[in-house]
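# Per-entry structural report
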Amino acid sequence: MASQTFKQWSVVTASTTAFTVCFMVWMMFAVIGIPIKQNLGLNETQFGVLVALPVLTGSLIRLPLGMWTDRFGGRAVFFILMLSTVFPIWLISRATEFWHFLVTGLFVGLAGGSFTVGIAYCARWFPRERQGLAMGIFGVGNTGAAVNKLVAPTIVVAFGWAMVPQIYAVVMLVAAVLFWFFTYTDEEHAAGAAHVTVREQLAVLKDPTVWRYSQYYSIVFGGYVALSLWMTKYYISEYGFDIQLAALLAASFSIPGGVLRAIGGWFSDKYGAHTVTWWVLWVGLVCLFFLSYPQSDVIFHTINGPRTFHFGLGPTVFTVIMFTMGIAFAIGKASVFKYISDDYPHNIGVVSGVVGLAGGMGGFILPIMFGALVDLTGVRSTAFMLMFGIVWVSLMWMYFTEVRPMSAEQASKHPEPAHFT
C-alpha cells in the first residue's frame, strides 16, 4: 500500500502534467488562430474574439467545477472534464467557417476549468504550511501555454494548422487515462461537503475580500492568459517575424509564467501572500509603463534643419521586459491562491472557483479589448496601456484596503513615546 507521502506527490505530479496538457489545449488558438485569421480575412477584433472565446467557457465553468470538487472530490471531476474535451478538440480540424471555430472553441474551453479542480484537489493533500508550495507546483501547468507555442508552430509549418487539434485530441485522451491511474481518492477531503447547500457555497459571492482577490487574479492570471494569446501575433505584426520565431519569443513570457509559479508558492509560504502580491503588482506596473510606449518618431528643428529621432522598444528589450513581467505574474498567481488557502481552508474549491472565474474572464475580455483598441487607434501598444491602468487601480485598491489598515494597526500596537520639553 502506498504511503501518504507517495500519494501526495503522485497526485501533484499527475495533476500538474494533466493541467499542462489542458492549458496547452486552452491556448491552442494563440497559434492556429493566425493562419485561420489569414484564411478567413478576419480583422483584429474578430481575431481577439476567436482566441478569447475558449477562455470564456473555461472561466464560466470554474465556479460550478469548484463546487463539484468540494462535493465529489477532485479526481473524478478532473478525469471527466478531460474526457469531455477530446471530441470537440478533434472537431476543430473540420471547421471551415468563422462560426464553426467559435462553437467548437466554446466546448474546447472547458479544459481551462481544470485549474479550479486541480488546485483544490492538490491543496487538500498537504498541511496548511505547505499548501502554497503544492499549489505553486500545480500551477506550473501554466507552461502549457509555452509548450503550445513551441510545438504548434512546428506542426503548422510541417502539416498545416488542422493537424494541431487532431494531435492535441490524442494527447488529451492519453493524459486523462494516465491521470486516473496515477492519482488517488481520499474520502475525508470531501467529508461534509455533501451537506453543504449550493446557497451556502455561493454565499462567498457576498464577501468583498473574495472580490478583491478576484481583481488581483484577473491581472496576474487573466493578464497572463490574454498576453499569451496575443503575443505571437504581436511579434508578427510589430516586428515582422515569421510564426515560428514569433511563437518562440512569445514563449519567453509564457515559460516563466508557469515554471516559476512554484517559487511563488514558496515565497508566499515564507513571506506571506500580501507582501508578495504587493511587490508583484509594482513590478508589473513598471514593466507595463515601458511596454506602453508606442514606436514614435520625434522631429526637432535644429539650426542645421529638422532632425528625426526614433523612440521605441526593439525586439530584444521588449522580450526582456516581457520575460521580467512573466516572472512577476508567475509569483503573483501563487500568492493570490495563498491568500485563499489561508483565509478559506474549508471551502477552497468554491472560493478558488470564484477567483479563477474572475481571472479567466480577464483572459477572455482583454484580448477582445486589445483587438478593438488596435482597430480603433491603430496603435498596437494600447494593449499594454490598458493593462497599465488596470494594475494601477488594483494597487490603489490594495493600498486602501490592506496597506493602510495594516499600518494603522501596527501604529496602535507600537505608539510613539511622548516627548516632553
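Residues numbered from 1 in each chain as written. Predicted model: local features only at pLDDT ≥ 70, side-chain atom pairs only at ≥ 80, totals over all residues. Heavy atoms only, no water.

## Here's the deal with helix H5 (residues 74-91)
An α-helical turn contains 3.6 residues, so a residue and the one three or four places further along point in the same direction. For H5, with 18 residues, the first-to-last C-alpha span of 27 Å sits near the 26 Å given by 1.5 Å per residue. When the local axis directions of H5 are compared, the greatest deviation, roughly 25°, occurs at Thr85, which is followed within four positions by the proline Pro88. If you check which residues of H5 are buried, you get Gly74, Arg75, Val77, Phe78, Phe79, Leu81, Met82, Thr85, Val86, Pro88 and Ile89. Summarising the contacts, the buried residues of H5 are in contact with helix H1 (4-26), helix H4 (62-72), helix H6 (98-108), helix H7 (114-123), helix H8 (128-139) and helix H10 (163-181). (Helix = DSSP H or I, 4+ residues; strand = E, 2+ residues; numbered from the N terminus. Expected span 1.5 Å × (residues − 1). Bend = angle between axes of the 7 residues up to and from the residue. Buried < 20%, exposed > 50% of the residue type's maximum accessible area, 1.4 Å probe, protein only. Contact = heavy atoms within 4.5 Å.)

## Some details on the environment of Gly332
Tracing the chain through its elements places Gly332 in helix H17 (residues 315-343). Sequence separation of Gly332 and Asp269 is 63 residues, and the distance between their C-alpha atoms is 13 Å. Gly332 has contacts with Val220 and Val280, leaving out every residue within four places of it along the chain.

## Considering the pairing of strand E2 (residues 305-311)
One face of the sheet, then the other: side chains in a regular strand alternate in exactly this way. Two strands pair when backbone bridges link them, and strand E1 (residues 296-302) and E2 are joined in this way by seven bridges, in the antiparallel orientation. Bridge pairing links Phe300 to Arg307 in E2. Connecting the antiparallel pair E1 and E2 is a turn made up of two residues. (Pairing = 2+ DSSP bridges.)

## Description of the packing of aromatic side chains
Under the definition given, this model contains 41 aromatic pairs. Seen from their ring centres, Phe253 and Phe329 are 6.3 Å apart, and the 75° between their planes marks the pair as edge-to-face. One end of the pair, Phe253, is in helix H14 (residues 243-259); the other, Phe329, is in helix H17, and 76 residues separate them in sequence. No difference in accessibility class separates Phe253 from Phe329, as the two residues are buried. Among the aromatic residues, ring-to-ring pairing joins Phe19, Phe23, Trp26, Phe115, Phe138, Tyr217, Phe221, Tyr224, Phe253, Phe329 and Phe337 into one connected group. Stacked on the ring of Phe47, the Lys or Arg Lys233 has its end atom at 5.7 Å from the ring centre. (Phe/Tyr/Trp six-rings, centres within 6.5 Å; stacked < 30°, edge-to-face > 60°. Lys NZ or Arg CZ within 6 Å of the ring centre and 35° of its normal.)

## Details of the state of the cysteines
For the structure shown, the criterion picks out zero disulfides. As a non-bridged cysteine, Cys22 has Cys122 as the owner of its nearest cysteine sulfur, 12 Å distant. Residue Cys22 is classed as buried on the basis of its relative accessible area, which comes to 1%. Look at Cys122 and you get buried, because its relative accessible area is 0%. (Disulfide = S-S within 2.5 Å.)

## Notes on the pattern of salt bridges
Scanning the entire structure with this criterion turns up five salt bridges. Where Arg212 meets Glu402, a salt bridge forms, and the shortest distance between an N and an O atom there is 3.0 Å. Here the residue Arg212 occupies a position in helix H12 (residues 208-220), and Glu402 occupies one in helix H19 (residues 382-413), the gap between them amounting to 190 residues. Of the two residues, Arg212 and Glu402, neither departs from the other in class, the shared state being buried. Of the charged contacts, one joins Lys338 and Asp342 as a salt bridge, the two residues approaching to 3.3 Å between their closest N and O atoms. Of the two residues, Lys338 and Asp342 are both situated in helix H17; the distance of four residues between them amounts to about one turn of the helix. On the basis of relative accessibility, which here comes to 6%, the residue Lys338 falls in the buried class. (Salt bridge = Lys/Arg side-chain N within 4 Å of Asp/Glu carboxyl O.)

## Considerations on the packing of H5 against H6
At their nearest, the axes of H5 and H6 sit 8 Å apart, and the two run at 155° to each other. Comparing their axes, H6 and H5 come out roughly antiparallel. The handedness of the crossing between H5 and H6 comes out as left-handed. Contacts between H5 and H6 involve Thr85, Pro88, Ile89 and Leu91 from the first element and Thr104, Phe107 and Val108 from the second. In terms of residue class, the contact of H5 with H6 is made up of five nonpolar, two polar and no charged. (Axes fitted to C-alpha atoms, helices over the stretch in contact; angles between N-to-C directions. Parallel < 35°, antiparallel > 145°, perpendicular 65-115°, else oblique. Left-handed = near helix turned anticlockwise from the far one by under 90°. Nonpolar A, V, L, I, M, F, W, Y, C, P; charged D, E, K, R; others polar.)

## Side note on the packing of helix H13 (residues 222-239) against H17
Where H13 contacts H17, the two axes come as close as 12 Å, and the packing angle between them is 175°. The orientation of H13 relative to H17 falls into the category roughly antiparallel. Facing Gly223, Tyr224, Leu227, Met231, Tyr234, Tyr235 and Tyr239 of H13, the residues of H17 in contact are Pro315, Phe318, Thr319, Met322, Met325, Phe329 and Lys333. Grouping the constituent residues of the contact of H13 with H17 by class yields eleven nonpolar, two polar and one charged.

## Thoughts on the side chain of Ser292
Following the sequence through the fold, Ser292 ends up in the loop between helix H16 (273-291) and E1. Residue classification places Ser292 among the buried positions, given a relative accessible area of 10%. Excluding anything up to four places from it in sequence, Ser292 contacts Ser381, Phe384, Met385 and Phe388.

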